[in-house]
Amino acid sequence: MFENARLKLTAWYLLIIMLICFLFSLVIFRVADRELERIDRRQQALRERFGVEIFRPQFPEGFNVPIDVDDLRGRIILTLIFINSAILIIAGMSGYFLAGQTLTPIKVMVEEQNRFISDASHELRTPITSLKSAMEVHLRDKKLTLPQAKKLIVQNLNDVNRIQSLSDALLKLAQYQKPNSHTVFEKVSLAEIIKTAMLTISPLAKRKQISLKSKISDYHLTGSREGLIDLMVIILDNAVKYTHPKKSITVSSAKTDGNIFIKVEDNGIGIDKKDLPHVFDRFYQATDARSKSTTGGYGLGLSIAKRIVTIHHGSITVLSQKGKGSVFTVHLPLKHSKIENS
Ligand code: ADP
């Protein structure tokens, strides 16, 4: 598909270049031809004045070698054909190279989209298959009692919830892929954002008896309120999910030379060295997290978080030690905290 598109694009480049070359050659030839005609007329006049026999030896100074106008015209045409052919070959080769360069980012994007669709379909298929088979089995059961049917509905609801949370996460991922008209930029208070995120997470933290500590100084920045809340909710939600009950999580902030740093520290299960470079990849889950179905994650949270900081021209990093805990640090530059709609 891409080879075809590359060849087509090369053909278009060639067509444009050849059209320009042809027009230039035509202009050059017309100018040269007019000049040759003028020389021809002048030679004709001299020949008539001095006679053909004296043409060669006694021709006036500057005209002692007569110009063969037809021969010169032929040579100009040949030279133009040669130059045009050389341009055609060079343009063909560089056009093919340029077409490749032009199409590479599109190719990467399409491959990325395909991978995304296949990953998303794969993740969606699991709960849908379990939903379908459970319903089929119970439907065939002629002795199905009301309590059994209710139990089935509860199970089905769990699967439906999983599908819903996956589709929500996929939508968020698409939403923060690129800021659009729904991404509103405004002056926001960091303390208020963190407070809102902590409130969202507190029921889950309470259930695990985890205390959320805040060491926040308030800073104001221009950013997407919704996006920054989502970012903090994702990091805090993970911290609570991957921390053992009765432990604590600390959120702190600092400002240095126009940069805001937000730190979320937990003393939870930590992340294995081999998993650390991949935790921000889409659908990546560390082995521990994958085996724990209770976490209910899909490996999308941190990739959404990364996109949110990227549209704010910031960065997100993690330091972690297996069994000891993790520290997620978000860096948001104040200068570029405004989204560029590009
Ligand atoms: P998930 O939905 O699985 O939590 P994320 O993208 O949010 O997906 O996180 C990716 C992986 O990073 C998780 O599966 C988990 O293994 C690891 N991780 C993220 N945050 C933490 C944390 N605070 N402590 C330990 N592991 C974490």
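These numbers come from a predicted model, not from an experiment. Throughout, residues of each chain are indexed from 1 in the direction in which the sequence is written. Residues qualify for local features only when their pLDDT is at least 70, as the model is predicted, and side-chain atom pairs are given and counted only at 80 or more; totals for whole chains, interfaces and linings, by contrast, use all residues. Values reported for side chains reflect all heavy atoms of the structure, with hydrogen atoms and water molecules removed beforehand.

> Could you give an account of the overall build of the protein chain, naming the residues involved and the relevant values?
A run of DSSP states H or I qualifies as a helix once it reaches four residues; a run of E qualifies as a strand once it reaches two. Both are numbered from the N-terminal end. Of the regular secondary structure elements, the protein chain holds seven helices and seven strands. Helices and strands appear in the protein chain in the N-to-C order α-α-α-β-α-β-β-α-β-β-α-α-β-β. The 342 residues of the protein chain split such that 35% are buried. Between two residues, a contact is recorded if the distance between any of their heavy atoms is within 4.5 Å. When contacts within the protein chain are restricted to residue pairs at least 6 apart in sequence, those whose partners lie at least 24 apart make up 75%. Burial here depends on accessible area, computed with a 1.4 Å probe over protein chains only, as a share of the maximum for the residue type. Under 20% is buried, over 50% is exposed, and the range in between is partly exposed.

> Tell me about the UniProt feature "transmembrane region" (unreviewed entry) in the protein chain, and name the residues and values.
Following the UniProt record, one finds the feature "transmembrane region" (unreviewed entry) at residues 12-32 and 76-99. Segment residues 12-32 splits into 100% helix and 0% strand. End C-alpha atoms: 30 Å apart. UniProt positions are given in the numbering used here, feature names are shortened, and annotations may be inferred rather than shown by experiment.

> Residue-level account of the packing of helix H2 (residues 69-140) against helix H3 (residues 146-175), with values.
Angular values range over 0 to 180 degrees, each being the angle between N-to-C directions of two axes fitted as lines to C-alpha atoms, with helices fitted over their stretch in contact. Following both chains from N to C, one finds H2 and H3 inclined at 165 degrees, their axes separated by 10 Å at the closest point. Relative to H3, H2 is oriented roughly antiparallel. The handedness of the crossing between H2 and H3 comes out as left-handed. Residue-level inspection shows Phe116, Ala120, Glu123, Leu124, Pro127, Ile128, Ser130, Leu131, Ala134, Met135 and His138 of H2 in contact with H3, the latter providing Leu152, Asn156, Asp159, Val160, Ile163, Leu166, Leu170 and Leu173. Considered class by class, the residues forming the contact of H2 with H3 number 14 nonpolar, three polar and two charged. When describing relative orientation, an angle under 35 degrees is termed roughly parallel and one over 145 degrees roughly antiparallel, while 65 to 115 degrees is termed roughly perpendicular and anything else oblique. By convention, the crossing between two helices is left-handed when the near helix turns anticlockwise from the far helix through less than a right angle, and right-handed when the turn is clockwise. Charged residues are taken to be Asp, Glu, Lys and Arg, nonpolar residues to be Ala, Val, Leu, Ile, Met, Phe, Trp, Tyr, Cys and Pro, and polar residues to be all remaining types, Gly included.

> I'd love a proper account of the nonpolar core, names of residues and values included.
One finds Ile262 and Leu300 to be the most contacted residues of the largest nonpolar core, which totals 51 residues. Looking at this core, the element that brings in the most residues is helix H5 (residues 225-241), giving ten residues. An automatic or database domain assignment provides the domain bounds reported here. Two domains each put at least three residues into this core: domain 2 (119-177) and domain 3 (186-340). With residues near it in sequence (within four places) discarded, Leu300 still touches Leu166, Ala169, Leu170, Leu173, Arg282 and Phe283. Side-chain atoms within 4.5 Å link the members of a nonpolar core, which is a set of buried Ala, Val, Leu, Ile, Met, Phe, Trp, Tyr and Cys residues.

> Could you give an account of the packing of aromatic side chains, naming the residues involved and the relevant values?
Aromatic pairing here means that ring centres of Phe, Tyr or Trp (its six-membered ring) are within 6.5 Å. Orientation follows from the plane angle: under 30 degrees is stacked, over 60 is edge-to-face, and everything else is tilted. Applying the stated rule across the entire model yields one aromatic pair. Relative to Phe328, the ring of Phe280 lies with its centre 6.4 Å away and its plane at 80 degrees, an arrangement referred to as edge-to-face. Of this pair, Phe280 sits in the loop between strand E5 (259-266) and helix H6 (287-291) while Phe328 sits in strand E7 (residues 325-333), and the two are 48 residues apart along the sequence. The buried category is assigned to Phe280, whose relative accessible area is 14%. Comment: the charge-over-ring label is applied if NZ (Lys) or CZ (Arg) is within 6 Å of the ring centre and within 35 degrees of the ring normal. We note Arg6 situated over the ring of Tyr96; from NZ or CZ to the ring centre the distance is 3.9 Å.

> Explain the sheet that holds E7 to me, and be specific about the residues and the numbers.
Strand order across the open sheet formed by five strands is E2-E4-E5-E7-E6, with mixed pairing between neighbours. Each edge of the sheet is formed by a strand with only one pairing partner; in this case those strands are strand E2 (211-215) and strand E6 (315-321). Taken pair by pair, the neighbouring strands of this sheet meet at an average axis angle of 15 degrees, ignoring direction. When DSSP finds at least two bridges between two strands, those strands are taken to pair. Relative to E7, E6 runs antiparallel, the two being bridged by seven bridges. Across the sheet, residue Thr317 finds its bridge partner in E7, namely Thr329. Helix-sheet contacts for helix H4 (residues 190-207) involve E2, strand E4 (248-256) and E5, and the interaxial angle to E2 is about 170 degrees. On the sheet, H5 packs against E2, E4, E5, E6 and E7 and is oriented at approximately 25 degrees with respect to E5.

> Can you explain H5? Please cite residues and give values.
Expected span, for any helix, means 1.5 Å times one less than how many residues it has. Across its 17 residues, H5 extends 24 Å between first and last C-alpha, which sits within 8% of the 24 Å expected from 1.5 Å per residue. In terms of burial, H5 is a largely internal element, 13 of the 17 residues being buried.

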